[in-house]
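Structure assessment
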Amino acid sequence: MSAPDSSLPSRLSRLLPDLAPWRSSRDFRLLFFQGVVTFFASAMAMIALPLQIKELTDSPLAVGVMGAVELVPLVVFGLYGGALADALDRRRLILLTEAGLGVLAAVLLVNALLPDPLLWPLYVVAAGVSALAGLQRPALDSMMARIVPHDQQTAAAALNALRYQIGAIAGPALAGLVVAYAGYGAAYGVTAVGFVVSVALCTRLSPAPPVGGAERPALRGIAEGARYAWSRPVLLGTYAVDLAAMFFAFPNTLFPFLADELDAVWALGLMYSAGAIGGLAIGLTSGWTSRVRRHGLLVIFGAGVWGVAIAAAGWFSQIGLVLVCLAVAGAGDMLSGLGRATIWNQTIPEELRGRLAGIEVLSYSVGPQLGQVRAGTVAGWTGTRSAFWSGGLMCVAAVAMLTAMLPKLVTYDADTDEDALRRREAKRAALEPAPAEQ
C-alpha cells in the first residue's frame, strides 16, 4: 500500500472546497445556479428600493420603516412556509414563490417607469417579497437534506455559503453601478429578467413530494415542529447560540457612526463587506470542514470567534485593525453557520424538515433585528465603540453559559449521535431499490 501523499501541493489541495455535492447531485447544481441568478437579481432591488424611497421622501424614517414592513411577514410566513414545505411538493412551492417574486419585480419596474413613481407600491412590494421569501426559504433549506448525500452536508453548506459570500460582495457593488448609471427602471428590469431565468431553472428540478401521509398545514403541525426542536438539546443549542451571537454582537447599524468616530468615512463600504470577505476566505479553504465530525464544537467556536472579534473591533482605533476584526468576525460566523446547517440536515427527520426550517427562518431573522436595536440603544447611552466591545463580550459570556447548559451540543458527533444515525439509515433505506416481487 502506498503512503499517503503529504507533499505541500497535496496538503493545500485538501483546503480547497469539497465539490462532492456538485458532482453527485444534479438538483444541487440546479439550485446552486438558481441561487446565483436570484441573488444578483435580488441585489438590484435590495439596493434600488431604499434609494428610491429616500429620493421620493428625503426621510431616514421612511427608509427605516421598510425594515419593520419586512420583518413581520418574514416571521409569520416563514413559520407557515415551514408547514407548507412538509405538506406540499417542495419543488412546486419553490417554483410558485419564485414566479411570484418575478411578478413583484415587474410591479416595481412599471412603477419606476411612471412619470411620477408612487411611494406606497414600494412598501407593498417590500412586504410581499418578505412574505414570499418566508414561504420559500424553508422549502429551499429542506431540499438540501433530500438531494445531497448524508455525509456531504457540510460540503454542501460550504458551497452554498461560498456562493452567498461572493454574491454579498459583488451583488451590491454591481447593483449600485446599475442604479447610478442606468436608473431604477434598469435595475428592476434586471431583477425581473433574473427571476424569469430562475423559474426556468426551477422547472428542471426533480419533484420533491411530501413524505408519507402529510397533513394539511395547520398551527398544530407548526407546534409539533416546535416541540420536536425543544426536545432536542442539540438543535435547541444551535438556535440559542445563533440568537445570542446576533442579539449581543450584531452592530451593523452602527457602522456609519463608527466610521465618523475613526475619521474614516471612506471605509464605510469596506466595513459592510469585511464580514463577507472573511466568510469568503473560509469558503475558499473549506475542504477541511468535510472531515469535521464534532459540528457542535464548530458552532460554539465560530460564535465565540464572532464575539471576540466584534469586541476587538470596538476596542481598536485604527481603521485597518477594525476591518481585520470585522473580517475575522465574518469567518467565525461562517464556521458557526456550517456547523448549524450540518447538524440540522443530518439530524432532523424528513417529515419535519420544512417546519424546522421555518423555525430557522425565525432564528436568523429576529436575532439580527433585535441586535441592531440593542446596539443602537447601548450606543445612545454609552457611545458607539462601547456598544461594540460590550456586545462582543456579552456574546462570549452567553455562548460560554449555553455551552455549560447544553453539554449535548458540545459532545455532538455525526458518527455517534442517535438522531444523525437514524437519519442516515432512513436516507440509505430510501435510496435502496425495492425488492423485486417473486
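One structure accompanies this document, and this report is about it. Everything numeric in this text was worked out from a predicted model, so none of it was measured.

1. So, the side chain of H295
Mapping H295 onto the fold places it in helix 13 (residues 295-315). Contact partners of H295, with chain neighbours within four places excluded, come to T154, G339, T342, I343, Q346, Y412 and A414.

2. Let's talk about empty space enclosed by the protein
One pass over the full model with this rule turns up one cavity of 30 Å³ or more. The calculated volume of the largest cavity comes to roughly 40 Å³. Taken together, V241, D242, A245, M246, A303, W306, D333, S336 and R340 make up the full set of residues lining the largest cavity. Secondary-structure elements contributing two or more residues to the lining of the largest cavity are helix 10 (233-248), helix 13 and helix 14 (319-347).

3. Here's the deal with the packing of helix 13 against helix 14
As a packed pair, helix 13 and helix 14 sit with axes 7 Å apart at the nearest point and diverge in direction by 160 degrees. By the angle between their axes, helix 13 is roughly antiparallel relative to helix 14. Crossing hand, helix 13 versus helix 14: left-handed. Partitioned by chemical class, the residues of the contact of helix 13 with helix 14 number 18 nonpolar, nine polar and two charged.

4. Looking at the pattern of salt bridges
According to the stated counting rule, one finds 15 salt bridges in the structure shown. Ionic pairing is found between E360 and R353, a salt bridge with its closest N-O pair at 3.2 Å. The exposure classification of E360 matches that of R353, with both residues buried. Between R422 and D419 there is a salt bridge; the shortest N-O distance is 2.7 Å. Here R422 pairs with D419, and both are found in helix 18 (residues 418-431), just three residues apart, close to one helical turn. A relative accessible area of 48% places R422 in the partly exposed class. If you follow the salt bridges from partner to partner, you end up with D86, R90, R146, E224, E350, R355 and R423 in one network.

Definitions and cut-offs
- Residues numbered from 1 in each chain as written.
- Predicted model: local features only at pLDDT ≥ 70, side-chain atom pairs only at ≥ 80, totals over all residues.
- Heavy atoms only, no water.
- Helix = DSSP H or I, 4+ residues; strand = E, 2+ residues; numbered from the N terminus.
- Contact = heavy atoms within 4.5 Å.
- 1 Å grid on protein atoms, 1.4 Å probe; cavity = no way out; pocket = protein on both sides within 12 Å on 5 of 7 lines; lining within 4 Å.
- Points joined across faces, edges and corners; volume = space filled by probe spheres on them.
- Axes fitted to C-alpha atoms, helices over the stretch in contact; angles between N-to-C directions.
- Parallel < 35°, antiparallel > 145°, perpendicular 65-115°, else oblique.
- Left-handed = near helix turned anticlockwise from the far one by under 90°.
- Nonpolar A, V, L, I, M, F, W, Y, C, P; charged D, E, K, R; others polar.
- Salt bridge = Lys/Arg side-chain N within 4 Å of Asp/Glu carboxyl O.
- Buried < 20%, exposed > 50% of the residue type's maximum accessible area, 1.4 Å probe, protein only.

The values reported here are purely geometric and, on their own, carry no functional implication.
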